[in-house]
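# Coordinates in review
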Amino acid sequence: MPACVPTRAKTPARTPRIRRPHQTPPSGDEPRRHRFQIKGADLSASITVFLLAVPMSLGLAVAIDAPLEAGLIAAGVGGIVAGLLGGSPLLVSGPSAGLTVVSAELIQTYGWRTSCAITVCAGLLQVALGSLKTARSALAVSPAIVHGTLAGIGAAIALAQLHIVLGGSPQSSVVDNALALPEQLAQVGPAAPLIGALTIAVLLLWTRIPGRIGKALRRIPAALVCVVVATGVAALAAPHIARVDLPSWGAHVLPEVPHGPVLGLAAAVLTVTLVASLESLLSSVAVDRLASERPGTTAPTRADLDRELRGQGIANAVSGLLGGMPVSGGAVRGSANVRAGATGRASTVLHGVWVLLAAGLLVSVLEWIPLAALAALVMMVGIQMVNFAHIRNVHKHREFLVYVASVGGVLVLGVLQGVVLGIAVAVAVALHRLARTRITAQEEANGTYLVRARGQLTFLAVPRLTRALGHVPQGAHTIVELDGSFMDHAAFEALQSWQAAHHARGGTVRVTGRAGGRIAEPVSTAHTCCRPWTPWHNHHCHDQPPQRPHGHQLASGLSSFQRNTAPLVRDELARLAREGQQPQQLFITCADSRLVTSMITSSGPGDLFTVRNIGNLVPPPGAEGADDSVAAAIEYAVDILRVQSITVCGHSGCGAMQALLNTEPGAPMTPLHRWLRYGRPSVERMASRRHSWARIAGRLPADAVEQLCLTNVVQQLDHLRRHESVARALAAGTLALHGMYFHVGEAQAYLLAPDDHAEVFEGVGVNLLEDTHA
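Residues numbered from 1 in each chain as written. Predicted model: local features only at pLDDT ≥ 70, side-chain atom pairs only at ≥ 80, totals over all residues. Heavy atoms only, no water.

### Points about the pattern of salt bridges
Put simply, the rule is: Basic side-chain nitrogens of Lys or Arg form a salt bridge, by our definition, when they fall within 4 Å of a carboxyl oxygen of Asp or Glu. Numbering of helices and strands runs from the N terminus, with a helix taken as a DSSP run of H or I at least four residues long and a strand as a DSSP run of E at least two residues long. Working definition: with a 1.4 Å probe on protein chains only, accessible area under 20% of the residue-type maximum means buried, over 50% means exposed, and in between means partly exposed.
What the rule picks out here adds up to 10 salt bridges. For Glu256, the salt bridge goes to Arg113, with nearest N and O atoms at 4.0 Å. Of this pair, Glu256 sits in the loop between helix H10 (222-237) and helix H11 (262-292) while Arg113 sits in helix H4 (residues 112-131); the two residues are 143 residues apart in sequence, bridging distant segments of the chain. Taking the relative accessible area as the measure of exposure, Glu256 reaches 26% and is therefore partly exposed. Among the salt bridges present, the one from Arg728 reaches Asp639, with a minimum N-O distance of 3.3 Å. Of this pair, Arg728 sits in helix H29 (residues 724-732) while Asp639 sits in helix H24 (residues 628-640), and the two are 89 residues apart along the sequence. Connected through shared salt-bridge partners, Glu572, Arg575 and Glu579 make up one network.

### What about the pairing of strand S7 (residues 585-590)?
This is how the line gets drawn: Paired strands, in this sense, are two strands between which DSSP finds at least two bridges.
Of all 6 residues that make up S7, 5 are buried, and the element is covered over most of its length. Looking at chain direction, S7 and strand S8 (residues 608-613) are connected through 6 bridges and run parallel. Within S8, the residue paired with Ile588 across the bridge is Val611.

### Things to note about a nonpolar patch on the surface
Put simply, the rule reads: To count toward a patch, a residue needs a relative accessible area above 30% and no salt bridge. Like charges then connect within 9 Å, nonpolar side chains (Val, Leu, Ile, Met, Phe, Trp, Tyr) within 5 Å. Method for areas: the Shrake-Rupley scheme with a 1.4 Å probe, in which residue coverage is limited to the protein chains shown.
A cluster of nonpolar side chains, contributed by Val175, Leu179, Val412, Leu413 and Leu421, occupies part of the molecular surface with about 470 Å² of accessible area. Among the secondary structure elements, Val175 is positioned in helix H7 (residues 174-186). On the basis of relative accessibility, which here comes to 41%, the residue Val175 falls in the partly exposed class.

### Examining the pairing of strand S3 (residues 438-443)
Here S3 runs beside strand S4 (residues 449-454); their pairing, made up of 6 bridges, is antiparallel. Among the inter-strand pairings, Arg438 is bridged to a residue of S4, identified as Arg454.

### Comments concerning the nonpolar core
Buried together is how nonpolar side chains tend to be arranged in soluble globular proteins. The line we're drawing: To qualify as a nonpolar core, a set must consist of buried Ala, Val, Leu, Ile, Met, Phe, Trp, Tyr and Cys residues joined through side-chain atoms within 4.5 Å. Residues count as neighbours in contact if any of their non-hydrogen atoms are within 4.5 Å of one another.
One finds Leu58, Ile118, Ile153 and Met325 to be the most contacted residues of the largest nonpolar core, which totals 78 residues. Once residues lying within four places of it in the same chain are set aside, the contact partners of Ile153 are Ala97, Gly98, Val101, Val275, Met385, Val410 and Val415.

### Some words on H29
Which entries qualify depends on this criterion: Note that the arc is defined by the directions from the helix axis to the C-beta atoms.
Within the sequence span of H29, burial applies to Ser725, Val726 and Ala729. The buried residues of H29 occupy one face: seen down the axis, they fall within an arc of 95°. Those residues of H29 that are exposed and aimed more than 90 degrees away from the buried face are Glu724 and Ala731. Where H29 is buried, its residues touch H24, strand S9 (645-651), helix H28 (704-721) and strand S11 (736-743). Looking one or two places after H29, you find Gly733, whose phi comes out positive at around 75°.

Next comes the structure, spelled out in structure tokens:
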């Protein structure tokens, strides 16, 4: 039971005026009775995605030298099958740029019919992996490897399509395409390059048309516009240019039983599975994030990734059986779907229906499209896969070598080999960082010896550590500075043994961190299993004898403080006793025992002036029978202590918010319920249509309780502004107000965005600049 408040109210039916802000179940699927509804927004969005998907599908089919109808089949099957069965309703599936290089190599090696069979096998493998619930594990692959692989594929696509734009034909490998480029440039004709340049120019300029006219025109996909313009110009100026040739459906071929080396076929199936799965899962996460940021969306914010993987697998199996290209979820199509206003999977399914209808009814129209226009479109897609923002991010995290290895491996060796090379380099870099530890020992001017260890102290560094400690004379005053974030058991034992021996010979040892702050000396487990001033973990010691008398835990904790922590903080507390308290902020939070304010804020004695009550409530001034204790603390903090900021902090699973939602009308007015009346404005704000729902960046609140926890923080800030001392300090510019939400289960803090009207709580990330040494 949440420790925030022990409510005695029963759990009645929810108040009719309040509905849950996130009606979809955690699995990412819609409620069963509303599983498939066609709304006007879905219909218009499906047409937008259809207009984007047709030229892209034809272009990707041209890029891999596959039958052109195979691209349309894949787009139709991806939209219908993956749309109905997938776990991300707004993600649109179809032929993938990430699979282009893989598919081209398969067709060159095994032929089209065997490539279709490989697609079927890869789909079945995806279904198996989804059933084993491995989707989340796939996202654990280093982003440097994923982005490097996609960048390598994009570069290979761009180089191959450049040959078609120049009026020639691509070679079978990236190296051959690069070597053949000079000869292709020497033989270039005017028609194809000009059509390709026109396509690229329209594609780039369409989204930059200014004004209201531009805003209206941008609703039409740029990919469709550039192909239409290029087709019209080619029909007038270059009637003999190479165009799309869609054979009759009677000549369409179906897969055959795979034939070839077993290991080669297995590697091909694994490669298609890996690339299709990673691209689909990453696209699903990206589209969900985009959907959750859209105001007023009713779309699920958390996709069922395992279901999505199974849906993609079934779509691949069906596409391969029908003679179509491999399928994966696409972030480009999915983003277009979200921006077009789609609300559910109906848009994705309808787009697939329109593609299949176009494949059967618009063959004569599609055959007017120049191949150079499609090649230019796909070339730009490949170039955009080399994302410079990803490169900067990878470089910032010191994984550029892994990124370069993945890109080079894909370009020179192939996709699967590039991924393996990237993983190998990532492991090597991690081991190098783990083993690279610099340990020095030197005598300072005052006779003190300084032993400095830079890097991670593992068993590999123990010989160097003991050698450096051996240079310290007996009886010397020594400072051991640990400039790293990890120490394994072997290094800890070596340091502890030397420290004990040095103490025995009359020396002193002080162990500090990077900034010089003292770290507690290791203590025996006979005293306590919880060492002070170390990361808090599992505070309830399991090695204590059971059935201790009541009050022993308090006495034991006090004894541990006096023995271990008091010597470390005595000087600081003595200074505070002399100078008085000068906290920088007032922190108003809930009385819930799971909220350890000093741990969450990394604060110490004298930092926070804290007020804790049931539900982190701030009674508004002038309320009938208002409780003055909180108002007195606010006045004292602002007018006497001159705090610079006030933070109202709510938390997940708050029992006070549950009590507010579950209290029946006419319930007896106990002291608890009299206090909770200051939270009723939060309930009314949540139910009011004049206020937007508070949101957490990246997702909507999980349920009504979490929604009320967030709304309550915003409402209590409004109460806070009405206090005279606060209003006066805000007007003078000497005080700032902050809203905060702490998710207990995730150990994640969220801060209310500065724009009060948005009511969005942004997650607080890790600042690596504070945790790494340059």
